[in-house]
Amino acid sequence: MQRAAFFWEPLKLLSKKLNFFLFILKLLPFWCWHNIWGKKNTVVGARSTWARRRTANANPEREAAVIPTSVNYHFTRQCNYKCGFCFHTAKTSFVLPLEEAKRGLSLLKEAGMEKINFSGGEPFLHMRGEFVGKLVQFCKEELALPSVSIVSNGSRITEKWFQLYGKHLDILAVSCDSFDENVNVLIGRGQGKKSHIESLQRLRKWCRDYGVAFKLNSVINRFNVGENMNEQIKAINPVRWKVFQCLIIKGENSGEEALRQAERFIISDEEFNLFLERHKRISCLVPESNQKMRDSYLILDEYMRFLNCRNGRKDPSKSILDVGVENAITFSGFDEKMFLQRGGKYVWSKADLKLDW
Ligand code: SF4
């Protein structure tokens, strides 16, 4: 008996230890998974906190950096029209070389740009439209931006341009403030005997023919505030009709050093609201009062400097080509909340628009 006990006791002890070892082995996968997953989450959390902190340190007023989702690049200030209220006047004749403009656009894309709008001045004057055509093509083909658009007075666009570049353009916005040619002449929208309304209708047709969404921009001012445009707008059928209240910007259309004096064009908020009321049945109408308009655009000038309109004038940042987008944008004065509130983010790619060509 004693011999048997001598044999069995160590075996029992060994078996207990083995069971304990097997129990630990079963727990091991769960422990590993929990530990790795936990650590991974801690790292991700730390990284985003660090990124937020880095942004907040760079600019204590902001928790997160402004993303330049939608940018307006006014690459030229030259224009063939002389609108009395123009607030981006021909103070310089400078235009960046094409390759530099492309470099700036690439920087903006890296910073999160989704929509670019080319504006002026008149974008189709420089190199007879070839410059803006090449930029449109670059933004669509190389940068693959969801939305590429142009704002133009429409007087210099040719059918040949549509044949060459139309497929890369999502939206063409044409400025027209009145369907009465005499009013256009009073405003300064026109050139000699050329009819602004005729060129508008020609462009509407080409947009249909070449698959470009057509948008209309109107500035409501002293000379057109009483007009009823319902019938003409319905006939033209734009995807969007932007209706702006005439705006004063010091140094552009007001003040001693300005090239225009727009005071005689200004209307009150009440007058603007009456115009909107008259056209309330036009579903594509997007109104923009002075308050909505002033700080809700990211504007780049001909040197690729952001223009800050917070103080009622255009104060430039340094160029994004010199200091980068993240640095320059902190001086842009951009009001992202107002941008979203005024419907700045909309269906802006022609692939997503249900167009009635
Ligand atoms: S068409 Fe535009 S850029 Fe040219 S003068 Fe008129 S408002 Fe200014």
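Conventions adopted
Residues numbered from 1 in each chain as written. Predicted model: local features only at pLDDT ≥ 70, side-chain atom pairs only at ≥ 80, totals over all residues. Heavy atoms only, no water. UniProt positions renumbered as here; feature names shortened; annotations may be inferred. Near = heavy atom within 4 Å. 1 Å grid on protein atoms, 1.4 Å probe; cavity = no way out; pocket = protein on both sides within 12 Å on 5 of 7 lines; lining within 4 Å. Sits in = over half its atoms within 2 Å of the grid points. Nonpolar A, V, L, I, M, F, W, Y, C, P; charged D, E, K, R; others polar. Points joined across faces, edges and corners; volume = space filled by probe spheres on them. Helix = DSSP H or I, 4+ residues; strand = E, 2+ residues; numbered from the N terminus. Buried < 20%, exposed > 50% of the residue type's maximum accessible area, 1.4 Å probe, protein only. Pairing = 2+ DSSP bridges. Right-handed = clockwise from strand over helix to strand, strands pointing away.

Per an unreviewed UniProt entry, the recorded name for the protein is S-adenosylmethionine-dependent nucleotide dehydratase RSAD2, and the organism is Geotrypetes seraphini. Per UniProt, the comment on the protein under Subcellular location (unreviewed entry) is "Endoplasmic reticulum membrane". Listed in UniProt under the heading Sequence similarities (unreviewed entry), the comment for the protein reads: "Belongs to the radical SAM superfamily. RSAD2 family."

Is there a simple way to explain the site of the ligand in this structure?
Residues in close proximity to the ligand include Cys79, Tyr81, Cys83, Cys86, Gly121, Asn153, Arg189 and Arg260, which together make up its full environment. More than half of the atoms belonging to the ligand lie within 2 Å of the grid points that define the largest cavity. Split by residue class, the shell around the ligand holds four nonpolar, two polar and two charged.

What is the right way to look at the layout of surface pockets in this model?
Leftover empty space is mapped by rolling, across the atoms, a probe with the size of a water molecule. Of the pockets and cavities examined, the second largest pocket occupies roughly 180 Å³. Every residue lining the second largest pocket is listed: Phe124, Leu125, Arg128, Gly129, Glu130, Arg156, Ile157, Thr158, Lys160, Trp161, Leu164 and Tyr165. For the lining of the second largest pocket, the element with the highest residue contribution is helix 4 (residues 159–165), accounting for four residues. Here the lining of the second largest pocket is built from residues that sort into six nonpolar, two polar and four charged.

Where do I start with the pairing of strand 5 (residues 213–220) in this structure?
When a strand is regular, its side chains alternate between the sheet's two faces. With respect to burial, strand 5 is a largely interior element, eight of its eight residues being buried. By the alternation rule, side chains of strand 5 split into Ala213, Lys215, Asn217 and Val219 and Phe214, Leu216, Ser218 and Ile220, which are all buried. Where strand 4 (residues 171–175) meets strand 5, five bridges bridge the pair, whose relative direction is parallel. Of the residues in strand 5, the one forming a bridge with Val174 is Leu216. Relative to strand 6 (residues 240–245), strand 5 runs parallel, the two sharing six bridges. For Ser218, the partnering residue across the bridge sits in strand 6 and is Val243. As for the winding sense of the linkage, the β-α-β connection from strand 5 through helix 7 (residues 230–236) to strand 6 is right-handed.

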